[in-house]
Amino acid sequence: MENLSKYDQVFISNLQVTQGMLSTLTYQSVPAWDSVGHMGLIAQLEEAFDIMIDTDDIIDFSSYQKGKEIIAKYGITL
Amino acid sequence: MENLSKYDQVFISNLQVTQGMLSTLTYQSVPAWDSVGHMGLIAQLEEAFDIMIDTDDIIDFSSYQKGKEIIAKYGITL
Amino acid sequence: MKIVEAVWEKRNLGVVCKEITFEAHDSLEDLSGIKALVEHTEYLVVKVPTLRYDLNQAIAAMGLSFIEVSIHFELMLKNALLSGLQTRLNNSITYAEMEVRDLELLFDEIRDGMFASDRILLDPAFTSEQAANRYIHWIQDEIQRGAQVYKILHKNQSVGFFTFKEIKEGIYYPFLAGMYKAFAASGLGFTTLRKPIDEAIRRGGQMISTYTSSNNLPVVRAHIQQGFSISGMYYVFIKHN
Amino acid sequence: MKIVEAVWEKRNLGVVCKEITFEAHDSLEDLSGIKALVEHTEYLVVKVPTLRYDLNQAIAAMGLSFIEVSIHFELMLKNALLSGLQTRLNNSITYAEMEVRDLELLFDEIRDGMFASDRILLDPAFTSEQAANRYIHWIQDEIQRGAQVYKILHKNQSVGFFTFKEIKEGIYYPFLAGMYKAFAASGLGFTTLRKPIDEAIRRGGQMISTYTSSNNLPVVRAHIQQGFSISGMYYVFIKHN
């Protein structure tokens, strides 16, 4: 549970979205989630969970939901 | 003479001006010489002549000609 | 689409002003609903997000003319940038909250045409007195609502100013800032952006949020050089009736 | 004021196109001289520097409509910025000069609507085929004149491309770049700016000079994030006759 709220917080603070927008949030669905925003988001997730995400996973990280699956691969239970 | 050409070169490369424009060049006379351009110009002059220019002199550095007088105060013969 | 009756502009400029802001999801059909406003509002301001040429074109066809891009900037304080030279200069420059006589000096500087790229000042339908009054009223209103105004000092002399307003917890909006005429060509202009950053850091904030006009290229460049990113842009059109 | 007959656009778009660029020192009177051009040119493009509302207004009154800001960017290579994460990613991405079949893939991607913020594609007076043809011809012309086109590769798969052209000794202009559709949402977009920087460094250059449209906010943001500064802005107006 604590990990999930940490995960959510990274999106909220990086992409200036509200909690309510998260479940349907995808890359490019808000102006802040572009190439620049994606780098900020991934960098902060790596820092928050102390992991290093593979290039392929960074490329596949196309939505809030998809990101949950990816983070799980690194042993983080959301 | 070598110092003068070094001095000129800092203006030419930083402010994208030609040699012919130098003698009448003043702050804000070209778009590149604004607050941002001024900082780049002063930083490169400090590096080129290995000097550290005082705040008051940085403020007074309002033209290519005025700058010559200022640089001379730091023992650089142009 | 959001329509705001800018009542404050009635006092500032002496005309009835309405501001319409379109969002990316608004449709061209929304324009039909504003036809009467476009034809009868004394001073109409319309803001259109980028990438909506259909709206730009339709609005121009209604007699509005393009005047500027409103560029929105954001800075997470931890991403602030300053060169070595700027850091050295910034350390020799201080700031302090204004007293009454400082405000008078500021207002004199504004009357002297401090904001040369302002869309009111650029507009021949307004006078420079109207443009100055608008800024002065704006600052006075914000002070009333709790904002601060600071003077920027070099050796105890005022070289410029900035305003400061908390718009959300930890997010600050320096709604106006500028250099005084005698220091406009001093290279110290960067401090009008940096001192608000220093103040936001001092207060334990996270972010600066602000905007500026595309007509003010030096200030656009200064924001970028100090680490701000552009969060959005709106094309601004105006019409007088 | 500079008037260019854009003969290449006749082939690209099938219409006679003229481009007029005003400079900051041009006067409003210069407009009277272009009245005939404005009324008779099939496709007219007019570029106006910022801070010239008098020109904006007069041009709008002649029936032109605002479509974009052309933002000019410059980067001294020594000022290029890249975050730690971007450096890691950039190291896993390579680039190589295109062969004929790579160009075919690129042209297919362009026909598929790669440049969504292009002023030709945004304009209902043109078709998407015209917009695509214009880009394809442009690239072919530049290759003829000695420019290079590179593919950007992730694990031997093309994810995007960039072009590369020396415009002055040590100054490079990547006149076009983009991501392929399957990788548009991959976060790798930054490499379309970074790989040209890497190539310019490899060649011992000093500077990148380029421009982009205000309608392409992600690309504007990407330039700023990688250390580019804005050297100028022009408001772009168009008219069809």
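Refer to the preceding data block for the structure.
The rules behind each value
- Residues numbered from 1 in each chain as written.
- Chains lettered and ligands numbered in written order.
- Predicted model: local features only at pLDDT ≥ 70, side-chain atom pairs only at ≥ 80, totals over all residues.
- Heavy atoms only, no water.
- Core = buried A, V, L, I, M, F, W, Y, C linked by side-chain atoms within 4.5 Å.
- Buried < 20%, exposed > 50% of the residue type's maximum accessible area, 1.4 Å probe, protein only.
- Contact = heavy atoms within 4.5 Å.
- Salt bridge = Lys/Arg side-chain N within 4 Å of Asp/Glu carboxyl O.
- Helix = DSSP H or I, 4+ residues; strand = E, 2+ residues; numbered from the N terminus.
- Least-squares fit on C-alpha atoms with pLDDT ≥ 70 in both.
- Pairing = 2+ DSSP bridges.
- Axes fitted to C-alpha atoms, helices over the stretch in contact; angles between N-to-C directions.
- Buried area = accessible area lost by both parts, 1.4 Å probe.
- Polar contact = N/O pair within 3.5 Å; in protein donor to acceptor, adjacent residues only side chain to side chain.
- Nonpolar A, V, L, I, M, F, W, Y, C, P; charged D, E, K, R; others polar.
- Arc of directions from axis to C-beta.
- Phe/Tyr/Trp six-rings, centres within 6.5 Å; stacked < 30°, edge-to-face > 60°.
- Lys NZ or Arg CZ within 6 Å of the ring centre and 35° of its normal.

Give a detailed account of the nonpolar core, specifying residues and quantitative values.
Phe11(A), Phe61(A), Phe11(B) and Phe61(B) are the most contacted members of the largest nonpolar core, which totals 143 residues. In this view, Phe61(B) contacts Tyr7(B), Phe11(B), Trp33(B), His38(B), Leu41(B), Ile42(B), Leu45(B), Gly67(B), Ile70(B) and Ile71(B); residues no more than four positions away in its chain are not counted.

Can you explain the pattern of salt bridges? Please cite residues and give values.
Residues and elements named next belong to chain C. Tallying each qualifying case throughout the model produces 44 salt bridges over all chains. Between Lys165 and Glu142 there is a salt bridge, with the nearest N and O atoms lying 3.0 Å from each other. With Lys165 in the loop between strand S7 (157-164) and strand S8 (166-168) and Glu142 in helix H7 (residues 128-144), this pair connects stretches of sequence that are 23 residues apart. One salt-bridge network, held together by shared partners, links Glu19, Lys47, Glu68 and Arg119.

With reference to specific residues and values, describe the relation of the copies chain C and chain D.
Each copy of the sequence occupies a distinct position, and chain C is placed on chain D by a rotation of 180° and an axial shift of 0.0 Å, giving an RMSD of 0.0 Å. In symmetry terms, the pair is related by a two-fold rotation axis. Comparing contact sets, 100% of the residues at the interface of chain C also lie at the interface in chain D, consistent with an isologous, same-surface contact.

Explain the environment of Val236(D) to me, and be specific about the residues and the numbers.
All names here are of chain D. Its place among the elements puts Val236 in strand S12 (residues 229-240). For the pair Val236 and Val69, spaced 167 residues apart in the sequence, the C-alpha separation amounts to 5.7 Å. Residues in contact with Val236, not counting those within four places in the same chain, are Val45, Val46, Lys47, Ser65, Phe66, Ile67, Glu68, Ser70 and Arg119.

Which residues make up the sheet that holds strand S2 (residues 17-21) of chain D, and what values go with them?
Residues and elements named next belong to chain D. Taking strand neighbours across the sheet as the criterion, the 8 strands line up as S1-S2-S3-S12-S4-S11-S9-S8 in an open arrangement whose pairing is mixed. Pairing within the sheet leaves two strands with one partner each, and these edge strands are strand S1 (2-5) and strand S8 (166-168). As paired strands, S1 and S2 are joined by 4 bridges and run antiparallel to one another. When the sheet's bridge partners are listed, Val4 is paired in S2 with Glu19. Helix H3 (residues 53-61) rests against strand S3 (43-49) and S12 of the sheet, and its axis sits at about 165° to S3.

Could you give an account of the interface of chain C and chain D, naming the residues involved and the relevant values?
At the junction of the two partners, chain C supplies 32 residues and chain D supplies 32 residues. Where chain C abuts chain D, roughly 2600 Å² becomes buried across the two surfaces, and 68% of that area is made up of carbon and sulfur atoms. It is Leu51(C), Tyr53(C) and Phe66(C) that lose the most area in chain C upon contact with chain D, and together they represent 26% of the buried surface on that side. In this structure, the connection of chain C to chain D is made through 0 salt bridges. At the junction of chain C with chain D, the criterion picks out 12 residue pairs in polar contact (both at pLDDT 80 or more). Of all the secondary-structure elements, those providing two or more residues to the side of chain C that touches chain D are helix H3 (53-61), strand S4 (65-76), helix H9 (217-225) and strand S12 (229-240) of chain C. The greatest single-element share of the side of chain C that touches chain D, amounting to 8 residues, is contributed by S12(C). The residue makeup of the side of chain C that touches chain D, split by class, is 19 nonpolar, 10 polar and 3 charged.

Would you mind going over the interface of chain A and chain D in detail, with residue names and values included?
Facing 19 residues of chain A, the contacting portion of chain D comprises 19 residues. At the boundary of chain A with chain D, total buried surface from both sides reaches about 1600 Å², with 61% on carbon and sulfur atoms. Of all residues in chain A, Val36(A), Met39(A) and Ile59(A) give up the largest surface area on contact with chain D, accounting jointly for 37% of the area buried on that side. Applying the counting rule to chain A against chain D returns 3 salt bridges. Notably, a salt bridge pairs Arg221(D) with Asp34(A), separated by 2.6 Å at the nearest N-O pair. For the pair chain A and chain D, the number of links is 8 residue pairs in polar contact (both at pLDDT 80 or more).

Run through unusual backbone geometry, naming residues and quoting values.
Residues and elements named next belong to chain A. Although it is not a glycine, Asp50 adopts a positive phi angle of roughly 50°. You can see Asp50 is positioned in the loop between helix H2 (35-49) and helix H3 (55-60). Since its relative accessible area comes to 71%, Asp50 is described here as exposed.

So what's going on with H3(C)? Residues and values would help.
Listed in full, the buried residues belonging to H3(C) are Tyr53(C), Leu55(C), Asn56(C) and Ile59(C). The buried side chains of H3(C) occupy one side of the element, clustering within an arc of 160° when seen end-on. Looking at the packing, one finds that the buried side of H3(C) touches strand S3 (43-49) and S12 of chain C together with strand S4 (65-76), helix H6 (119-122) and S12 of chain D. Taken from the residues just after H3(C), Gly63(C) is the one with a positive phi, measuring 95°.

Describe the sheet that holds S8(C), listing the residues and the values that go with them.
All names here are of chain C. Strand order in the open sheet formed by 8 strands is S1-S2-S3-S12-S4-S11-S9-S8, and the pairing between neighbours is mixed. Lying at the two open borders of the sheet, with one neighbouring strand each, are strand S1 (2-5) and S8. One ladder, built from 2 bridges, connects S8 with strand S9 (residues 171-172); its direction is antiparallel. Among the inter-strand pairings, Lys168 is bridged to a residue of S9, identified as Ile171.

Give me the packing of aromatic side chains: which residues, what numbers.
The geometry of an aromatic ring pair is captured by two quantities: the separation of the ring centres and the angle between the planes. Counted under the stated rule, the structure contains 49 aromatic pairs over all chains. Taking 6.3 Å as the distance between ring centres and 75° as the angle between the ring planes, the aromatic pair formed by Phe237(C) and Phe66(D) counts as edge-to-face. With one member in each of two chains, Phe237(C) in strand S12 and Phe66(D) in strand S4 form a pair that bridges those chains. Grouping residues by exposure puts Phe237(C) and Phe66(D) together as buried. Taken together through their ring pairs, the aromatic side chains of Phe115(C), Tyr135(C), Trp138(C), Phe161(C), Tyr173(C), Phe175(C) and Tyr211(C) make up a single cluster. Directly above the ring of Tyr135(C) sits Arg134(C), whose terminal nitrogen or CZ lies 5.8 Å from the centroid.

This is a description of form; function is not addressed.
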